[in-house]
Structure formats: structure tokens, C-alpha cells
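What follows is the residue order along each chain.
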Amino acid sequence: MDTSILSRIQSDVEANPVMLYMKGTPVFPQCGFSATSVQILKHVGVNFETVNVLTAPDIREGVKVFSDWPTIPQLYVKGEFVGGCDIVKDMHASGELIAKLGVTLEPMTPPSLTVTDAAALKLKEALAGAGEGVMLHLSINRFFEPALQFGPRSPAKCDASSNGITLQLDRASIDRAEGLTIDFLDGP
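This report concerns the structure included in the present document. What you see is a predicted model, and the numbers here were worked out from it, not measured in a lab. (Residues numbered from 1 in each chain as written. Predicted model: local features only at pLDDT ≥ 70, side-chain atom pairs only at ≥ 80, totals over all residues. Heavy atoms only, no water.)

Re the sheet that holds strand S7 (residues 146–152)
- Spatial ordering of the open sheet is given by S7-S6-S9-S8, a layout of 4 strands whose pairing is mixed. Edge strands, defined here as strands with exactly one partner in the open sheet, are S7 and strand S8 (158–162). The mean angle between the axes of side-by-side strands here comes to 35 degrees, regardless of whether they run parallel or antiparallel.
- Bridging between S8 and strand S9 (residues 165–169) involves 5 bridges; their strand directions are antiparallel. Bridge pairing links Ser161 to Thr166 in S9.
- Of the strands in this sheet, strand S6 (134–140), S7 and S9 are in contact with helix H6 (residues 117–128), which crosses S6 at around 125 degrees. (Pairing = 2+ DSSP bridges. Helix = DSSP H or I, 4+ residues; strand = E, 2+ residues; numbered from the N terminus. Axes fitted to C-alpha atoms, helices over the stretch in contact; angles between N-to-C directions. Contact = heavy atoms within 4.5 Å.)

Quick look at the structure:
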């Protein structure tokens, strides 16, 4: 490996408090993992610099050597390698990423949502069998496709309650959940 490439990477990560090596650009990511990483960084409102490794094959290979990490994207914060997309997602979900970035976010205001009596009954039954400390998590993606799942409480999420049911929502889902009704219909 050409040491000048490694020196350039070292210089980039030291000069930029938040540095993302990615495929594509923040405006036009060219892989889903890069798009997710960019979306998370934009969501927390942090300024970041990027290098499009698709236009710099020497950097693409050099950053893998530099970090001893085989995949792209790669996030660096304050000169330290954080990880790839999965690690960034996990850190964001747990609140660790916000702390690492030193970002202060506006408080989250829970959405106004409704859980019907029928849905509340079934959700309470499901929660009773889910185990200690398990909560319902609701996420709604940018296409307004909902996902309801069980998981541990996350300090990075907002609690919204209706009809005795508390759901945790990530920051991006809050506005999308405003006015939502969760109902249960018995069927095949």
C-alpha cells in the first residue's frame, strides 16, 4: 500500500471531526449502506465530510487497510474509526452515536396516536409473553411503511402511549405517526 494514500486518509480523518468514506455522495448515495449512514448523520444534524470511494479507487482500498475494516461505508469521529453501517445504526438506536458526536438534540414530542381497545387487548397479551423489559417499537419509514416489533427500551427513542400501551418511536417516525390508529381485526 502506498504510504501517501494512508497519509492522506490520516490527514482527512484528523482534519474533519466527522468523516464518512462512502459509495457515492450525500446527495446521491450509490449503495444502501452508504445511504443509511448519510441518513443517520443528517438526522442527528451533524456536519460531516465525505469521500466518494467510487471515484477514488486508491482511497477505497487504502481506507480498508487504514481501518483494518473490509467494507464501505466507514465513519470516523474526531479521528477515531467508529465502524460501518451496522455499527452506526446500532449506536444510533442506543443513543451512543449522539453522545460520541457530542450533539444535543431537541427534545422529542410524542405523536398523538390511538390504540383501539381490540389492539390494546392483543398487544397486552403479546407483551405478557415477550419477557421482562421488552417494549413495543414502532418505526415508519420514508414510504410510510410501518413496522411494529418487540425490543428493549432505547434511550434514543420517544415513548408514545394510548389505551395502556406504550410504544417507542425513533425520531424520524414521530411526525409520520401523528394521527395514526393501531387496530386489530381477527381474520385468516
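Details of the packing of aromatic side chains
- Taken as a whole and judged by the stated rule, the model has 4 aromatic pairs.
- Ring geometry for Tyr21 against Tyr76: centres 5.8 Å apart, planes inclined by 85 degrees, an arrangement best described as edge-to-face. Residue Tyr21 is located in strand S1 (residues 18–22), and its partner Tyr76 is located in strand S3 (residues 74–77); the two are separated by 55 residues in the primary sequence.
- Note on Tyr21: relative accessible area 0%, which makes it buried.
- Through pairs of rings, three or more aromatic residues link up here, namely Tyr21, Phe66, Trp69, Tyr76 and Phe81. (Phe/Tyr/Trp six-rings, centres within 6.5 Å; stacked < 30°, edge-to-face > 60°. Buried < 20%, exposed > 50% of the residue type's maximum accessible area, 1.4 Å probe, protein only.)

Brief notes about helix H1 (residues 3–15)
- Helix length check: H1 (13 residues) gives 18 Å between terminal C-alpha atoms against 18 Å at 1.5 Å per residue, within 8%.
- Buried within H1 we find Ile5, Ile9, Asp12 and Val13. All buried residues of H1 project into a common sector of 90 degrees when viewed along the axis, lining one side. Across from the buried face of H1, at angles greater than 90 degrees, the exposed residues are Thr3, Glu14 and Ala15.
- Summarising the contacts, the buried residues of H1 are in contact with S1, strand S2 (49–52), helix H3 (57–67) and S3. (Expected span 1.5 Å × (residues − 1). Arc of directions from axis to C-beta.)

Some remarks on the packing of helix H2 (residues 32–44) against helix H4 (residues 85–94)
- It is the contact of H2 with H4, at a shortest axis distance of 9 Å, that shows an interaxial angle of 30 degrees. On the basis of the axis angle, H2 is roughly parallel to H4. Regarding H2 and H4, the two cross each other, and that crossing is left-handed. Between H2 and H4, the residues in contact are Phe33, Thr36, Ser37, Ile40, His43 and Val44 and Cys85, Val88, Lys89 and His92, respectively.
- For the contact of H2 with H4, the residue count by class is 5 nonpolar, 4 polar and 1 charged. (Parallel < 35°, antiparallel > 145°, perpendicular 65-115°, else oblique. Left-handed = near helix turned anticlockwise from the far one by under 90°. Nonpolar A, V, L, I, M, F, W, Y, C, P; charged D, E, K, R; others polar.)

Quick look at the pattern of salt bridges
- Applying the stated criterion to the full structure yields 5 salt bridges.
- Across the salt bridge formed by Lys100 and Glu80, the nearest N and O atoms sit 3.2 Å from each other. With Lys100 in helix H5 (residues 96–101) and Glu80 in strand S4 (residues 80–83), this residue pair connects regions lying 20 residues apart in the sequence.
- With a relative accessible area of 43%, Glu80 lands in the partly exposed category. (Salt bridge = Lys/Arg side-chain N within 4 Å of Asp/Glu carboxyl O.)

Things to note about the layout of surface pockets
- Of the volumes computed, that of the largest pocket is approximately 800 Å³.
- Lining the largest pocket are 29 residues, and of these Gln39, Ile40, His92, Asp170 and Ala172 lie nearest its centre.
- Contributions of two or more residues to the lining of the largest pocket are made by H2, H4, S6, S7 and helix H7 (171–177).
- For the lining of the largest pocket, the element with the highest residue contribution is H2, accounting for 6 residues. (1 Å grid on protein atoms, 1.4 Å probe; cavity = no way out; pocket = protein on both sides within 12 Å on 5 of 7 lines; lining within 4 Å. Points joined across faces, edges and corners; volume = space filled by probe spheres on them.)

A few points about the nonpolar core
- Residues Val18, Leu41, Val46, Leu75, Leu97 and Leu101 are the most contacted members of the largest nonpolar core, which totals 18 residues.
- Elements represented by at least two residues in this core include exactly S1, H2, S3, H4 and H5.
- With 4 residues, the top contributor of residues to this core is H2.
- Among the nonpolar cores identified, the runner-up in size contains 16 residues, and Leu113, Leu123, Leu167 and Ile182 belong to it. (Core = buried A, V, L, I, M, F, W, Y, C linked by side-chain atoms within 4.5 Å.)

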